[in-house]
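Tertiary structure, described
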Amino acid sequence: RGHAYISRGELDSALNDFDHCVQLDPKNAQGYHGRGYIFQIKGEYERAIKDFEASLPLDTMKLGYFYLAQSYIHLQDFVQAKKCYDEIKKTNWGKKFLEREDNGYYAFFVKAVSEAIPSGEYNKAIELLDSALKKFNLEYTDMQRGNFSFKLLIASVLTMKGYAFEKLNKLN
């Protein structure tokens, strides 16, 4: 139910559901993922990081690393974000997902934030983020693009693009 609340933008209701989930079953990684995601949306990145880290020993797929990377990106800690992506690549599914260019916008986004931006290649980062936006618009239906969670993904790409432009302006 918490995920349905998120998709409709009802964050307080979603947070209540995920709090309840964690209280009922403190070994449920999904509860920590959901609650951390709400904290992330609200800009409470340190609280989000605590929940995502709490999920890691409970989650055999290690999905918490995806969420952790996003929190670190918002805090502009690209070193930690890259470490999270490196951990994802150690899993069978993660390696395939992150290294396939045809998997969609996410491959371009990950390359921008974990390779181009940390190495100061801001023009390359902007190109990668533009590719991510083009892929995003080609891959998702109007209904999916209207979903609250998808709007947050676009916001992340645009935020990183703004960051890269700002760094380029300071260099010039």
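Everything that follows concerns the structure shown earlier in this document.
Report on the accompanying structure. (Residues numbered from 1 in each chain as written. Predicted model: local features only at pLDDT ≥ 70, side-chain atom pairs only at ≥ 80, totals over all residues. Heavy atoms only, no water.)

A closer look at the overall build of the chain
A tally of regular secondary structure across the chain gives 11 helices and zero strands. Helices and strands in the chain line up, N terminus first, as α-α-α-α-α-α-α-α-α-α-α. In the chain, which comprises 172 residues, the proportion classed as buried is 44%. Partitioning the intrachain contacts of the chain with sequence separation of at least 6 by distance along the chain shows that 49% fall at a separation of at least 24. Within the structure as shown, the chain displays about 9300 Å² of accessible surface, and the carbon and sulfur contribution to it stands at 52%. (Helix = DSSP H or I, 4+ residues; strand = E, 2+ residues; numbered from the N terminus. Buried < 20%, exposed > 50% of the residue type's maximum accessible area, 1.4 Å probe, protein only. Contact = heavy atoms within 4.5 Å. Areas by Shrake-Rupley, 256 points an atom, 1.4 Å probe, with all protein chains shown as cover.)

Structural notes on unusual backbone geometry
With phi around 60°, K62 is a residue other than glycine that occupies positive phi space. Relative to the elements of secondary structure, K62 occurs in the loop between α4 (45-55) and α5 (64-74). Classification of K62 by relative accessible area gives partly exposed; the value is 25%.

Points about the environment of G36
Residue position: G36 is located in helix α3 (residues 29-41). Along the backbone, G36 and A48 are 12 residues apart, and their C-alpha atoms lie at a distance of 4.1 Å. Apart from the residues lying within four places of it in its own chain, the contact partners of G36 are A48, D51 and F52.

Digging into the packing of aromatic side chains
A complete count under the given rule lists four aromatic pairs for this structure. For the ring pair F52 and Y67, a centre distance of 5.3 Å and an interplane angle of 25° mean the geometry is stacked. With F52 in helix α4 and Y67 in helix α5, the pair connects residues that are 15 residues apart, well separated along the chain. For Y67, a relative accessible area of 27% corresponds to the partly exposed category. Between F78 and Y163, the aromatic rings sit 5.2 Å apart at their centres with planes inclined by 55°, giving tilted as the arrangement. Note that F78 is positioned in helix α6 (residues 78-89) and Y163 in helix α11 (residues 148-171), a separation of 85 residues in sequence. The pair formed by F78 and Y163 is uniform in burial state, with each residue classed as buried. Through a chain of ring-to-ring contacts, the aromatic side chains of Y37, F52 and Y67 assemble into a single cluster. (Phe/Tyr/Trp six-rings, centres within 6.5 Å; stacked < 30°, edge-to-face > 60°.)

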